[in-house]
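Architecture at a glance
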Amino acid sequence: MTHFDWHSDPITAETPVVAGFRTTQNVRRFFVAVCGPDFRIDRGFRAWLTDGRPKTMGQAAAEWARRQGRE
């Protein structure tokens with residue numbers, strides 16, 4: 001697998017959350033675009049994002065919405 005640059009590579013709902021995931025402005029822009037302006041990363045969500053289980057950014061956005069009661 002090639003290196004993914006969380007700072008500049010395009011992020012879509014299909015982008016896998018891989019080892020080396022970084023919370024960058026690019027990542028925040030994706031989540032705000034998908035989840036809305038109230039998006040925030042808290043400790044629990046960050047732990048879920050980086051737990052090593054396979055997931056995509058789309059699944060991560062859906063999980064954030066679920067945690068906010070916005071399913």
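Overview of the structure. Note that this is a predicted model, so its numbers are computed, not measured.

Things to note about the overall build of the protein chain
Helix and strand counts for the protein chain stand at three helices and zero strands. Mapped in sequence order, the helices and strands of the protein chain form the string α-α-α. Against the 2.2 N^0.38 benchmark of 11 Å for 71 residues, the protein chain shows a C-alpha radius of gyration of 11 Å, consistent with a compact globule. Seen through its C-alpha atoms, the protein chain measures out along the principal axes to roughly 35 × 25 × 20 Å. By the burial criterion, 34% of the 71 residues in the protein chain qualify as buried. Look at the contacts in the protein chain between residues 6 or more apart in sequence, and 43% of them connect residues 24 or more apart. Of the roughly 4700 Å² that the protein chain leaves accessible, carbon and sulfur atoms contribute 50%. Mean positive and mean negative side-chain charge positions of the protein chain (11 and 8 charges, respectively) differ by 6 Å.

Some remarks on helix α3 (residues 57-67)
Within the span of α3, buried status applies to M57, A60, A61, E63, W64 and A65. Where α3 is buried, its residues touch α1 (25-35) and α2 (43-49). Remark: G69 follows α3 within two positions and exhibits a positive phi of approximately 75°.

Some words on the nonpolar core
F31, F45 and M57 are the most contacted members of the largest nonpolar core, which has 17 residues in total. Leave out the neighbours within four places in its chain, and F45 touches F31, F39, A60, E63, W64 and R67.

About the criteria used
- Residues numbered from 1 in each chain as written.
- Predicted model: local features only at pLDDT ≥ 70, side-chain atom pairs only at ≥ 80, totals over all residues.
- Heavy atoms only, no water.
- Helix = DSSP H or I, 4+ residues; strand = E, 2+ residues; numbered from the N terminus.
- Rg over C-alpha atoms; globule rule 2.2 N^0.38 Å.
- Buried < 20%, exposed > 50% of the residue type's maximum accessible area, 1.4 Å probe, protein only.
- Contact = heavy atoms within 4.5 Å.
- Areas by Shrake-Rupley, 256 points an atom, 1.4 Å probe, with all protein chains shown as cover.
- Lys, Arg positive; Asp, Glu negative; His and termini not counted.
- Charge placed at Lys NZ, Arg CZ, Asp CG, Glu CD.
- Core = buried A, V, L, I, M, F, W, Y, C linked by side-chain atoms within 4.5 Å.

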